[in-house]
Every structure is written in C-alpha cells, then in structure tokens.
Amino acid sequence: MRHGRAKASRRTLQFYRLNAPHLKSPYKILLDGTFLVASIRNKVPLWDRFSKTLQHEQFVCYVTRSTLNELELLSQQSAKSKQAGDSEESFFDEARQYGLDECEIIENCNEVANTNEKLMNKRAFRDFSEASRDIFCLATDGGNNRLAYFVATQDDGLSDALRTMPYVPLFRLGRAVLLLESPSSASRQFTGSLEQNKLKSAGGLMTSEERKIVDKVNKRDKKKRREMMKEEQEKLQKRSRQEVGGCFNERKKKRAKGPNPLSCKSRKNKSS
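Described below are features of the structure shown in this document. Please read all numbers here as calculations on a predicted model, not as lab measurements.

## Examining the overall build of the protein chain
The secondary structure content of the protein chain amounts to 11 helices and 6 strands. When the 272 residues of the protein chain are sorted by exposure, 33% land in the buried category. Of all intrachain contacts in the protein chain linking residues separated by at least 6 positions in sequence, the fraction that spans at least 24 positions is 64%. For the protein chain, the exposed area adds up to about 19000 Å²; of that, 48% sits on carbon and sulfur atoms.

## Topic: the sheet that holds strand β1 (residues 27–31)
Pairing in this open sheet of 6 strands is mixed, and the strands run β3-β2-β1-β4-β5-β6 from one edge to the other. Only two strands of the sheet have a single partner each, and these edge strands are β3 (104–106) and β6 (177–180). Put simply, the sheet's adjacent strands are angled 30° from each other on average, direction ignored. Its contacts with the sheet put helix α4 (residues 65–80) on β1, β2 (59–64) and β3, and the angle it makes with β2 is roughly 60°.

## What to know about the side chain of Asp32
Assignment of secondary structure puts Asp32 in the loop between β1 and α2 (33–41). Here Thr153 takes part through its side chain, which lies 2.7 Å from a polar atom of the side chain of Asp32. If we skip the residues at most four places from it in the chain, Asp32 touches Thr67, Ile135, Ala152, Thr153, Gln154, Asp155 and Leu158.

## A closer look at the packing of α4 against helix α8 (residues 130–139)
Relative to each other, α4 and α8 sit at 160°, their axes nearing to 8 Å. As judged from the angle between their axes, α4 and α8 are roughly antiparallel. Crossing handedness for the pair α4 and α8: left-handed. Judged by residue contacts, Ser66, Thr67 and Glu70 of α4 engage Glu130, Ala131, Asp134 and Ile135 from α8. Here the residues of the contact of α4 with α8 are counted per class, giving 2 nonpolar, 2 polar and 3 charged.

## Brief notes about the nonpolar core
By size, the foremost hydrophobic cluster in this structure holds 35 residues, and its most contacted members are Ile29, Leu31, Phe50, Phe150 and Phe171. It is α2 that provides the largest number of residues to this core, a total of 5 residues. With near-sequence residues (within four places) excluded, Phe171 lies in contact with Ile29, Phe35, Phe50, Thr53, Leu54, Phe150, Val151, Ala152, Thr153, Leu178, Leu179 and Leu180. Of all hydrophobic cores here, the second largest spans 17 residues; its members include Ile106, Phe128, Phe136 and Leu138.

## Concerning the side chain of Ser75
Among the structural elements, Ser75 can be located in helix α4. Taking relative accessible area as the criterion, Ser75 reaches 6% and is therefore assigned buried. A polar side-chain atom of Ser75 sits 2.5 Å from a polar atom in the side chain of Asp93. Setting aside residues up to four positions removed in sequence, Ser75 forms contacts with Glu89, Phe92 and Asp93.

## Quick look at unusual backbone geometry
Following Ser25, the chain continues to Pro26 via a peptide bond in cis, the omega torsion being -5°. Here Pro26 shows up in the loop between α1 (3–19) and β1. At Arg175, a position not held by glycine, the phi torsion is positive, near 60°. Along the chain, Arg175 turns up in the loop between β5 (170–174) and β6.

## Quick word on helix α3 (residues 46–53)
Structurally, the α-helix is built with 3.6 residues per turn, so residues lying three or four positions apart point the same way. Every buried residue of α3 is accounted for by Leu46, Phe50, Ser51 and Thr53. Down the axis of α3, the smallest arc covering the buried residues is 170°, so these residues share one side. Where α3 ends, the next residue or the one after it, Gln55, has phi of about 60°, a positive value.

## Let's talk about α4
Taking 1.5 Å of rise per residue, the 16 residues of α4 would be expected to cover 22 Å, and the 23 Å separating its terminal C-alpha atoms lies within 8% of that figure. Inspection of α4 places Ser66, Thr67, Leu68, Leu71, Ser75 and Ser78 among the buried residues, and these make up the whole buried set.

## A short note on a negative patch on the surface
On the surface, Glu227, Glu231, Glu232 and Glu234 cluster together into a negatively charged patch. With respect to the element layout, Glu231 can be found in helix α11 (residues 208–243).

## Quick notes on the packing of aromatic side chains
In this description, a pair of aromatic rings is defined by centroid distance and the angle of the planes. Following the criterion strictly, the structure yields 9 aromatic pairs and no others. Relative to Phe50, the ring of Phe35 lies with its centre 6.1 Å away and its plane at 25°, an arrangement referred to as stacked. With a gap of 15 residues between them, Phe35 in helix α2 and Phe50 in helix α3 connect regions that are remote in the sequence. Side by side, Phe35 and Phe50 carry an identical accessibility label, which is buried. An aromatic cluster is built from Tyr27, Phe35, Trp47, Phe50, Phe59, Phe150 and Phe171, whose rings are joined through pairwise contacts. Looking at Lys28, its charged tip hangs above the ring of Tyr149, at a distance of 4.7 Å from the centre. The ring of Phe15 has Arg188 lying over it, and the distance from NZ or CZ to the ring centre is 5.3 Å.

The rules behind the values
Residues numbered from 1 in each chain as written. Predicted model: local features only at pLDDT ≥ 70, side-chain atom pairs only at ≥ 80, totals over all residues. Heavy atoms only, no water. Helix = DSSP H or I, 4+ residues; strand = E, 2+ residues; numbered from the N terminus. Buried < 20%, exposed > 50% of the residue type's maximum accessible area, 1.4 Å probe, protein only. Contact = heavy atoms within 4.5 Å. Areas by Shrake-Rupley, 256 points an atom, 1.4 Å probe, with all protein chains shown as cover. Pairing = 2+ DSSP bridges. Axes fitted to C-alpha atoms, helices over the stretch in contact; angles between N-to-C directions. Polar contact = N/O pair within 3.5 Å; in protein donor to acceptor, adjacent residues only side chain to side chain. Parallel < 35°, antiparallel > 145°, perpendicular 65-115°, else oblique. Left-handed = near helix turned anticlockwise from the far one by under 90°. Nonpolar A, V, L, I, M, F, W, Y, C, P; charged D, E, K, R; others polar. Core = buried A, V, L, I, M, F, W, Y, C linked by side-chain atoms within 4.5 Å. Arc of directions from axis to C-beta. Expected span 1.5 Å × (residues − 1). Patch = residues over 30% accessible without salt bridge, like charges linked within 9 Å, V, L, I, M, F, W, Y side chains within 5 Å. Salt bridge = Lys/Arg side-chain N within 4 Å of Asp/Glu carboxyl O. Lys, Arg positive; Asp, Glu negative; His and termini not counted. Charge placed at Lys NZ, Arg CZ, Asp CG, Glu CD. Phe/Tyr/Trp six-rings, centres within 6.5 Å; stacked < 30°, edge-to-face > 60°. Lys NZ or Arg CZ within 6 Å of the ring centre and 35° of its normal.

This is the structure:
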C-alpha cells in the first residue's frame, strides 16, 4: 500500500473514531454485487487489501441475500445471452461463491427497511434494485449508520445516495486499487453541528432553561455595551464642538493654496 493512500486511510479512520464511536473494531464491511464482480474481474485479494487499509484491525465481511440472488440472476441471464462470453458468466458465479464462502449472509432486511420507509419515500429511489435498497437501508439505519457498516460498492447511484448521509464510510475499487473515501461533506457538516450544540450546552451539562437564561443575559450585556459606546461617541463629539468648533467626525476640506504651476502658461521673455 502506497504511503499517500495509507496516510489518507489513517486520517479517515481517525475521523470516524473521534466523531462516530460506534464505528469501531471489529469493522463490518457490507459488499454489494458490483464490488464483488469488479474484484473478481481485476483479481483483487480483498482480504489482504481490507486488512492493510483498516490498519490490520479485525473486520468481518457481510453480504445480503438479495445481493446473492441478484448475482445468480445475472449469471443465468449471461448464460442465456449469446453476446456474453463464458468469462462474463464465470465472473458472476465466482463473485456469488465468494459471498457464500467468505462473507456473513444477512438474510432479512425487512425490519430495517420499515424503519427507513419515510427516508426512502422522501428520496424516491425508484431506480434502485432490491439489493441496493437493502444495502442503503442497512447503512442508514437510525440516520447516522447506527449499525456501523462500511459499504463497498461500484454503483455510482448508490454511492451518491450514501454520501448524503452522515457517517457511512465507502470503499471502492480504482481498477485493482482499493480506496477508502474521505468523509463526505454530510459527515463533516453533521459533526460541525454536533460541536456547535456542545458549545451552546457547555458540553451537554447545561439544560435548555439554563441556556435561555444565558442567552437573555448575553443580549442584555450587548445592549448595554451598545448604549455605552453611543454615549461615549456623543461625549467626544460634544467636546470637539466646544474645543475645535466643529463636529468630531467632520473632515476638513482641503483648499487650493495657489494656482497649479503645470496648468499655467510659461512666461515669455521679451526680446529687447
């Protein structure tokens, strides 16, 4: 693993450790069909690459039953199609077999899907397959990835949808290179809002009633400071009128001391 990618991975994991304590070792990696097929096609040793990217921490790979069914269906369709070759069919079969052999299988996602029903209707993900819906529901349960899944996918639509939700780490393959994406803007904004709330509530030790009292006192102090500044300004203006005979803020107008020598005609010497 190159030094730059290793450093970026350490920073990303450190961000999630500090701001999302539920994302901890042993890590849970949720694989989708596109990622499995891409790894088989590019001959990527997933177990070794995941171990290096996660700083040799413990992890478990998961796959949903709907993903396995989707790979089986694609394998059958490619077998019937005359345009697809034998290699394409074998990619789907090997990807499904890897999910069966190396991953924990999540059989039922209906309970999680019911909790995210409002979110799914709001976002209107009608183009998602059943496998993508299950992965999205598992990774966004509770609104902040309560189940602590890392998602590995090559699906751009699913990736874009997951980037809008906080604390959903994404893995993807750049050809044969495994990449852990940096935290999304949604994760950073969510973290910033939490920090602001902590500052307002004194680290969670201040109640809402105490917060209202503090805000009221701060507003009263600001009003007093404005009044004092206004009184001081009026006193200075009054003093300047008495001593100088003008307004304190009034600027003196510059007057010309004489004609501009450059605009005047030069004198002509009279010849005798």
